[in-house]
Each structure stands twice: as C-alpha cells, then as structure tokens.
Amino acid sequence: MFFGNTLDKGLIAFQTEITIQAPRKFGWHMYKFKYLIAIMLATLMLVLTSFPIGGLVNRALATCSGYDCDGQFPDSAGCASPATTTYIAYPASSVLEMRHSTYCPTYWTRTTNTDSLGRSFYANATLWFSVSPYYYTVPSGGPIDVNQKVFSQQRYSGSPFSSCGYVNGSYIAGPVSSPCVP
Amino acid sequence: MKKHLLVLSGATIILFAISFLALKIATQHLQPMTVFASSHLPVPESEDLSVAQRIAVPTNTPLPGIVYPLVQNVNDVKMELLGTALMGDYFTADICYNFPTNDPEWMIGGMSPEFVTLSNGLETISVYSMGMIGNIKTDSNGNYTGRCDHLKFPVSPSTNVNNMRISVSRIATTPSEVMDCKAAQKRLDEANQRIKINCTQDAGLGGFVVTSKPQGMDEHTANSIASDAFLDVVQGPWVFDLNGK
C-alpha cells in the first residue's frame, strides 16, 4: 500500500504468473527446494542459538582492546558491559570498587555515593598501576547525589594493582591513597 | 526422486556439520582472555577503617572446630563457606557460589554492605570488603558459572567467637557504568512503585537520581527501590552458623 495500488497489483500479477505458469515438475522441485532451504535455515538457527552470541555482540561493541584502551573511559570505549567487580569495599557513605572489563580486558576504579541520609558529596576514583603515569584520578567537579558515581579511565598495561577513593564534604583533588582495595 | 532426496539430505547434513565446526572454532577463539594482574595480588593485612563499625572479638581466640565446607542451597543458588579465620583486626571468610544466569556481573551483597553480615547473637556487623579469589569460573562452553570471594569483617579484640553467624541475604548483579534508565523506569512502573528516575552520563561520571517518589516514602527507601530496578536479584538468605562442637 505504501507504494500505491499500481505496484501492489503488479506484485500480485507477478506472483500469480509464477504459480500458474510454472511447469508441474519444476513446481515440485521448487517445493522441495523451499523445503530444503527451510530445513537448512532451521538447522542454522538451532546451531546459532546454542552458542553465546551475546558475547560476540558485546565484544563487537568495544572500540578498543588491551593497550589501546589505556586512558579511555570504559563507558565511551564500550568496555563497561559486561564487567565484573573484582574488589569492593564500603567506606563511609560510599562504595569503592575495582572493576574489570570482560572483553577489553581492562581495570578501572569506581566510587559511588551511597549515603543513607541522602546527602550529596564530592567524590574521587583513583586507579594505581606500576608504570608511568602510575595513576588515573577522577575527582567530581561538584557534589554528586546518592547513586551517582565517578569512575577512572581504564588501564590494561602496567598491572593495575589498587583502586582507591571515597566521598567527602569537600573537593578531593587526588590521587587518593586511602582507602583502597585490595 | 530418491536420488534428489538423498542429495538434499546429504547437503543438509554437510551444512550442519560445517556450521557447527565453524562456530565451535569461532567461540573457542572468543573466550574471555585470562587476566592475571590483580588476581594474584596479596590481600593486605589491614585497611583504613576509621569509619567502619567494629564488633568485639578477642585476638588470637581459636575458632571452634567446624568441618568445612558448609553448604547452603537456596533458590537454586549453591553457596559454600570454605573457611573462616581471625586475621588481625578482621574476621575473614571465604565463600564460593554459583551464578543463577550466564552473567559475570553477579556478586554477593552488591552495592550495599548490609546484605552480608556477621553476628554473634549480641551484635551484627556488615562486611567491610570483598575480593574475588582467582578468576570467575566458566564451563567448557565459556559460560560464567560462579566465583569465590574473600570477605573481611572488622572486629575488635574482646568478643566471643563461638556461635558466630554469617548471613548473605541476597546476590545481585552490579550496576553498569552505562545505566539503562529506560529499562529501569519500565521495571519501576510495572511494579507500580510511583518512583521516577533520571540518568546522567558524562566522562567519568554516571548514575541516576530519584526525581519523584510517593508521599511518605523516605529518600533512602526510594533510592534502594530505584537502585534495585537496575539489577537482577536472587533473594536468600544463605546462613552459615559457626557453632561447631
């Protein structure tokens, strides 16, 4: 209907022509051919759905891998999901995590304001590693609300070894060296 | 006709075999890479706990003779307590558990320490830190099946460690840096929570805020409900009584 009645009528005429004019033997072959295609597609779908296709999609979403990810933020690089919290601690009014990307596979630090009284705080997330520049630190520019989080750039090289951060009533320039995980 | 059928059947079988082999090879090469950076780092003996609550436990008090592992199976999630120890200012516990789904983001407790507690009948304290032991467990197909964690509870030197109890009230996925606000709002609406949220996303910053909530609901409750809308949760509890005789 979108293309108008003329095209619709033409399509119907074309389909009718094939149905009517196809020789009987050719028609039988066509029927079997379609049957075969259907079986093959069903088989292919069965095989495909038995594999972790979601993983392939997630991997494809990442725009970097390994060293290429150094210094990039995990969310913009497509590395944030799926990710694992390898270490977690609960300093006052906050959650401090070392996060690990499943596919990139990089590390970063995340600090979340979880204050039970609903107060906003400044926050900092610092990731330490063993080669220059030795750390990434991300302070929040202003107080962040409860359930807001700051996270550092991600790092693959230099064996990231510690995540540090907390929330506070005043600005935290960083780098933070306590509290940390592990 | 029989000849045609034989050819068609043969072609289908060959296609199936080729597809299977190709995908098997592809998935083998797409297994998550093994990362050894932080997994082998030693757990420090102590951490800055100026703000953490402590319960009183006498230093060097021997733990009761418990036969490990202690196993709890709740809601199809098997959890094993492999062992406990008093290490300086901490009571530690090693716990393994299987994942309810093929998702590497599951962990015990999650974004709140109150879901993992240690009690001695008189006092209850929340976990202070957890660290993954080794790597996430996978099966032969690369599916994520479980993990083990080293838990640390801050203690102080004057308490009875007999009849201690470790409780894990739930396991949950961790929220991503990229918040799916639309899906979370849909969950809240479907549960008729009357909570509205708004997500923010910037370089190094993310999360959500509750923009409206029902009258009479306190902010902490609204935040907890909204936070859970971003997660998958399996409720326990898994309870381990450390009262070995």
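Scroll up a little and you will see the structure.
Note that this is a predicted model, so its numbers are computed, not measured. (Residues numbered from 1 in each chain as written. Chains lettered and ligands numbered in written order. Predicted model: local features only at pLDDT ≥ 70, side-chain atom pairs only at ≥ 80, totals over all residues.)

**Here we look at the overall build of chain A**
Looking only at helices and strands, one finds three helices and eight strands in chain A. Sequence-ordered secondary structure for chain A, helices as α and strands as β, is α-α-α-β-β-β-β-β-β-β-β. Within chain A, buried positions represent 46% of all 182 residues. (Helix = DSSP H or I, 4+ residues; strand = E, 2+ residues; numbered from the N terminus. Buried ≥ 20, exposed ≤ 12 C-beta atoms within 10 Å, placed from the backbone.)

**Observations regarding the environment of tryptophan 108 of chain A**
All names here are of chain A. Following the sequence through the fold, tryptophan 108 ends up in strand E3 (residues 107–113). Sequence separation between tryptophan 108 and isoleucine 144 is 36 residues; the distance between their C-alpha atoms is 19 Å. Beyond its immediate chain neighbours, meaning those up to four positions away, tryptophan 108 contacts Pro74, Arg99, Leu127, Phe151, Ser152, Gln153, Gln154 and Arg155. (Contact = placed C-beta atoms within 7 Å.)

**Focus on the nonpolar core**
Ranked by internal contacts, the top residues of the largest apolar core, which has 63 residues, are Ala123 of chain A together with Phe153 of chain B. If we ignore the near neighbours within four places in the chain, the residues touching phenylalanine 153 of chain B are Tyr90, Phe91, Leu118, Ile125, Val127 and Tyr128 of chain B. (Core = buried A, V, L, I, M, F, W, Y, C linked by C-beta atoms within 7 Å.)

**A few points about the pairing of strand E3 (residues 77–87) of chain B**
Residue and element names in this part refer to chain B. Here strand E2 (residues 70–74) runs beside E3; their pairing, made up of five bridges, is antiparallel. By the bridge assignment, asparagine 73 is partnered in E3 with lysine 78. Taking the residues between adjacent antiparallel strands as the criterion, E2 and E3 are bridged by two residues, where asparagine 75 takes a positive phi near 50°. Bridge analysis of E3 against strand E4 (residues 90–98) gives eight bridges, and the strand direction is antiparallel. Counted as the bridge partner of leucine 81 is isoleucine 95 from E4. Where E3 hands over to E4, the hairpin turn is made up of two residues, of which glycine 88 adopts a positive phi near 60°. (Pairing = 2+ DSSP bridges.)

**Considering the sheet that holds strand E8 (residues 180–181) of chain A**
All names here are of chain A. With respect to topology, four strands assemble into an open sheet ordered E5-E4-E7-E8, the strand pairing being antiparallel. The open sheet has two edge strands, strand E5 (135–139) and E8, and neither has a second partner. Two strands pair when backbone bridges link them, and strand E4 (residues 122–128) and E5 are joined in this way by five bridges, in the antiparallel orientation. Of the residues in E5, the one forming a bridge with leucine 127 is tyrosine 136.

Geometric values such as these leave the question of function open.
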